[in-house]
Amino acid sequence: MEEKALVSPEALKPVTETLDRVLQELDALLLGQEYLHKMVLIGIISQGHILLEGLPGVGKTALVKALGGLLKLEFNRIQFTPDLMPSDILGTNILQENETGHKEMVFQPGPVFTNILLADEINRASPKTQAAMLEAMQEAAVTLLGNTRKLPAPFFVLASQNPIEMEGTYPIPEAQLDRFMFKLHVTSVDAGVLKQIISTRRRGQLPTPSWTMDKELLDKVFEMMGSIYLPQAVADYIARLVEASHPGSAQAVKEVKDYVAYGASPRAAIAIGEASRAAALIAGRPAVGFKDVDEVAPAVLNHRLILNYKARMDNVDCFELIDSIIDQVDEAELSMPKDVTVS
């Protein structure tokens, strides 16, 4: 197979500088969440959906609104509640009288027709309403009464859920969880950052960003994503990581055999590949490395591993198992130390 020519560092530099500027702005707007900002940006430029899990008041909604403002994309928010209906999200056909006096059905678009959709507390909606999001998330389209309408491009769902108030909620089914590229845990910040927030964020209001990205720059980022090279050795490593998440596979490590009921899907492998490309692009590298895979794999896998009862009894979480997989699966099947870089 003919090797793909790598894009030059000079061609990458303007895009990398743009992405670095986005991260700087996010870090200035929302203090103390640098890792979260980078992972959300990786998800966005990979054109994936993201599930944010965290306690109330940690900045989930503020992050999504700030991101929409920086990228100059249309932003809509839906507050999910048990009485929310699919038509409240997707839209509906309304009987209206036209100019000639005849009545006709006219489609009224719902809030899903946007670029960035914040699905706030998505697990509070009924399964029927949650299922209404599936086609939109997978196909970027909405079908009603036999008519399929494409959503604006780009289209991202950033959903949030509260991990402690679970009474009266409907856990997101595994089929829908699998459509989220990342599940990111939004944690609180330390006392030093809290002091900065108290001193500089009156009534929690965010400052106005000093810079925004226009659509032409965003299109250039998406175009450059297609130029980032994924070496076969790295693709093989991704495949073996996902295979190792299945307890019945030859690659499975002991911890997976003990604690995992079902492993990650092929969609997870695709997500790791795309997210690794984005991580390499942000770092200004034309090709994906093993460290890029290790950086994004926990965010891709943590909501896709279904643990058994023994894991709950032994208080084992997904991140411990993912760390075990990454530590024990050889990057290039050469039994090399993990700190050795293979190019």
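Because the structure is predicted, anything quoted here is derived from the model rather than measured. (Residues numbered from 1 in each chain as written. Predicted model: local features only at pLDDT ≥ 70, side-chain atom pairs only at ≥ 80, totals over all residues. Heavy atoms only, no water.)

As a further point, take unusual backbone geometry. Here the amide bond leading from A153 into P154 is cis, since omega sits at -5 degrees, within 30 degrees of zero. Relative to the elements of secondary structure, P154 occurs in the loop between β7 (147-150) and β8 (156-161). The phi angle at E121 is positive, at roughly 50 degrees, despite the residue not being glycine. Looking at the element boundaries, E121 is found in the loop between β5 (116-120) and α5 (127-131). (Helix = DSSP H or I, 4+ residues; strand = E, 2+ residues; numbered from the N terminus.)

Quick look at the pairing of strand β3 (residues 91-97) now. In the sheet, β3 pairs with strand β4 (residues 103-109) via seven bridges, with the strands oriented antiparallel. Among the inter-strand pairings, T92 is bridged to a residue of β4, identified as Q108. (Pairing = 2+ DSSP bridges.)

Looking now at the environment of K65. Summarising the element assignment, K65 is placed in helix α3 (residues 60-71). Separated by 52 residues in sequence, K65 and L117 place their C-alpha atoms 9.8 Å apart.

Let us look at the packing of helix α2 (residues 34-45) against helix α13 (residues 290-301). One can describe the packing of α2 onto α13 by two numbers: an axis separation of 12 Å at closest approach and a directional angle of 85 degrees. Taken together, α2 and α13 sit at an angle that is classed as roughly perpendicular. Residues Y35, K38, M39 and I42 of α2 touch α13, and the partners they reach there are E295, V296 and A299. A per-class count over the contact of α2 with α13 returns five nonpolar, no polar and two charged. (Axes fitted to C-alpha atoms, helices over the stretch in contact; angles between N-to-C directions. Parallel < 35°, antiparallel > 145°, perpendicular 65-115°, else oblique. Contact = heavy atoms within 4.5 Å. Nonpolar A, V, L, I, M, F, W, Y, C, P; charged D, E, K, R; others polar.)

We now examine the packing of aromatic side chains. Applying the stated rule across the entire model yields two aromatic pairs. Plain terms: the ring middles of F107 and F113 are 5.7 Å apart, the flat faces sit at 70 degrees to each other, and that makes the pair edge-to-face. The two residues F107 and F113 agree in class, both being buried. Look at Y237 and F290: their rings are 5.5 Å apart centre to centre, the planes differ by 90 degrees, and that puts the pair in the edge-to-face class. Taken together, the residues span a long stretch of sequence, with Y237 in helix α10 (residues 232-244) and F290 in helix α13 at a distance of 53 residues. An identical accessibility class is assigned to Y237 and F290; each is buried. When the ring centre of F107 is taken as origin, the NZ or CZ atom of R149, which lies over that ring, is 3.9 Å away. (Phe/Tyr/Trp six-rings, centres within 6.5 Å; stacked < 30°, edge-to-face > 60°. Buried < 20%, exposed > 50% of the residue type's maximum accessible area, 1.4 Å probe, protein only. Lys NZ or Arg CZ within 6 Å of the ring centre and 35° of its normal.)

With that settled, the discussion passes to the pairing of β8. In summary, the side chains of a regular strand alternate between the two faces of the sheet. Judged by how many residues are buried, β8 sits mostly within the fold: six of six residues are covered. The alternating pattern of β8 places F156, L158 and S160 on one face and V157, A159 and Q161 on the opposite face, and all of these are buried. Examined bridge by bridge, strand β1 (residues 49-54) and β8 share four bridges and lie parallel to one another. Residue pairing for β8: E53 is matched across the bridge by Q161.

What the rule picks out here adds up to 12 salt bridges. One salt bridge connects K183 with E53, and the closest N-O pair in it is separated by 3.3 Å. With a gap of 130 residues between them, K183 in strand β9 (residues 180-186) and E53 in strand β1 connect regions that are remote in the sequence. Judged by its relative accessible area of 15%, K183 falls in the buried class. (Salt bridge = Lys/Arg side-chain N within 4 Å of Asp/Glu carboxyl O.)

Backbone-to-backbone hydrogen bonds join strands into a sheet, with any given pair of strands oriented parallel or antiparallel. What the five strands build is an open sheet, ordered β2-β5-β8-β1-β9; its pairing is parallel. At either end of the open sheet lies a strand with only one pairing partner, and these are β2 (75-79) and β9. Between one strand axis and the next, the sheet turns by 20 degrees as a mean value, whatever way the strands run. With six bridges connecting them, β1 and β9 associate as parallel partners.

Summary statistics for the protein give a mean pLDDT of 87 and a share of 94% for residues scoring 70 or more. In the model, residues 335-343 has pLDDT below 50 throughout and makes 12 contacts with residues more than four positions away in sequence or in other chains. (pLDDT = per-residue confidence, 0-100.)

Residue position: E104 is located in strand β4. On a C-alpha basis, the gap between E104 and N315 in space is 59 Å, while along the polypeptide they are 211 residues apart. Those residues in contact with E104, other than ones at most four positions away along the chain, are I94, L95, Q96 and N98.

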